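The primary structure of each chain is shown beneath.
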Amino acid sequence: KMHEAVEGPKTELSPYAPRLVSFKINPDKIRDVIGKGGAVIRALTEETGTQINIEDDGTVTIASVDEAAGAEARRRVEELAATVEVGKVYEGKVQRLLDFGAIVQVLPGRDGLLHISQIAHERVNQVSDYLKEGQIVRVKVLEIDDKDRIRLSMKALIEKPEHKEKKEEAAQQDGNPDIIKG
């Protein structure tokens, strides 16, 4: 009778079934996930409705009764434990506008400088013409210096306009002093 009702075991767990998700993070990043006095992890458990346990070796176990909440908690823990990599593209929030550029948050607790010369291919006179505080922008990490400061670029992700290059080539051919006209 049971085989008539159900062909076999289900391959997927119900989205409403309680579950444990376990994964590893870098042990050096544990304090970033826990936060000062446990504030970060406490806020994370309250917002997602999960229970999070972190071992000294970096093993994170998330207990949740909802699949989506568990996935969100995992995403946020991984985001907190992530390290910024040179050459990688991030979506960051503009925190502050400065005369010479903008401060962009690439990961929680990690900000970088987007210099005015790295915003666009053309000359940028005012940073506020291109960016505003709170705006989400795509940036590429150019460099992380020895003081752990991050240099960012928006210009590296934008294709250079062709019309400027053609004008420069035409100007070089017309006014090139090396060509002697007879």
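## Structural notes on the layout of surface pockets
Inference 1: One number sums up the size of the largest pocket: a volume of about 160 Å³.
Inference 2: Surrounding the largest pocket, Glu-79, Glu-91, Gly-92, Lys-93, Gln-105, Val-106, Leu-107, Pro-108 and Ile-136 form its lining.
Inference 3: Those elements that provide at least two residues to the lining of the largest pocket are strand 4 (89–98) and strand 5 (101–107).
Inference 4: For the lining of the largest pocket, the residue count by class is four nonpolar, two polar and three charged.

## Details of the pattern of salt bridges
Inference 1: Under the criterion given, the structure shown has 10 salt bridges.
Inference 2: Here Glu-72 and Arg-75 are joined by a salt bridge, their closest N and O atoms 2.8 Å apart. Here the residue Glu-72 and the residue Arg-75 both occupy positions in helix 4 (residues 67–81), the gap between them amounting to three residues, near one helical turn.
Inference 3: Here Arg-74 and Glu-78 are joined by a salt bridge, their closest N and O atoms 3.0 Å apart. Of this pair, Arg-74 and Glu-78 both sit in helix 4, four residues apart, roughly one helical turn.

## Things to note about the confidence of the model for the chain
Inference 1: With 88% of its residues at a pLDDT of 70 or more, the chain has an overall mean of 83.
Inference 2: Within the model, pLDDT remains below 50 along residues 178–182, and this stretch shows two contacts once partners closer than five positions in the same chain are excluded.

## A word on unusual backbone geometry
Inference 1: A positive phi angle, near 65°, is found at Asp-148, a position not held by glycine.
Inference 2: Here Asp-148 is to be found in the loop between strand 7 (136–144) and strand 8 (150–153).

## A short note on the pairing of strand 8
Inference 1: Sheet analysis places strand 6 (residues 110–115) next to strand 8, joined by three bridges and oriented parallel. Pairing of Leu-114 across the sheet is with Leu-152, part of strand 8.
Inference 2: One ladder, built from four bridges, connects strand 7 with strand 8; its direction is antiparallel. Looking at the pairing, Glu-143 lines up with Arg-151 of strand 8.
Inference 3: The loop that links strand 7 with its antiparallel partner strand 8 comprises five residues; one of these, Asp-148, has a positive phi angle of about 65°.

## A short note on the environment of Gly-134
Inference 1: Within the fold, Gly-134 resides in the loop between strand 6 and strand 7.
Inference 2: Distance in space between the C-alpha atoms of Gly-134 and Val-94 is 5.1 Å, their sequence separation being 40 residues.
Inference 3: With near-sequence residues (within four places) excluded, Gly-134 lies in contact with Lys-93 and Val-94.

## Quick notes on the nonpolar core
Inference 1: Core analysis: the biggest nonpolar cluster contains 20 residues, and Leu-114, Leu-131, Val-139 and Leu-152 have the highest contact counts within it.
Inference 2: When contributions to this core are tallied by element, the ones reaching two or more residues are strand 4, strand 5, strand 7 and strand 8.
Inference 3: Residue contributions to this core peak at four residues, all from strand 5.
Inference 4: Aside from chain neighbours lying at most four places away, what touches Val-139 is Lys-88, Val-89, Tyr-90, Val-104, Val-106, Leu-114, Leu-152, Ser-153, Met-154 and Leu-157.
Inference 5: In terms of nonpolar packing, the next biggest core, distinct from the first, is built from 15 residues, Ile-25, Ile-52, Ile-54 and Ala-73 among them.

## Focus: the pairing of strand 5
Inference 1: Judged by how many residues are buried, strand 5 sits mostly within the fold: six of seven residues are covered.
Inference 2: With five bridges connecting them, strand 4 and strand 5 associate as antiparallel partners. Within strand 5, the residue paired with Leu-97 across the bridge is Ala-102.
Inference 3: Where strand 4 hands over to strand 5, the hairpin turn is made up of two residues, counted between the paired strands.
Inference 4: If you look at the hairpin formed by strand 5 and strand 6, you'll find two residues sitting between the two strands, and Gly-109 has a positive phi there, around 80°.

Criteria and thresholds
Residues numbered from 1 in each chain as written. Predicted model: local features only at pLDDT ≥ 70, side-chain atom pairs only at ≥ 80, totals over all residues. Heavy atoms only, no water. 1 Å grid on protein atoms, 1.4 Å probe; cavity = no way out; pocket = protein on both sides within 12 Å on 5 of 7 lines; lining within 4 Å. Points joined across faces, edges and corners; volume = space filled by probe spheres on them. Helix = DSSP H or I, 4+ residues; strand = E, 2+ residues; numbered from the N terminus. Nonpolar A, V, L, I, M, F, W, Y, C, P; charged D, E, K, R; others polar. Salt bridge = Lys/Arg side-chain N within 4 Å of Asp/Glu carboxyl O. pLDDT = per-residue confidence, 0-100. Contact = heavy atoms within 4.5 Å. Pairing = 2+ DSSP bridges. Core = buried A, V, L, I, M, F, W, Y, C linked by side-chain atoms within 4.5 Å. Buried < 20%, exposed > 50% of the residue type's maximum accessible area, 1.4 Å probe, protein only.

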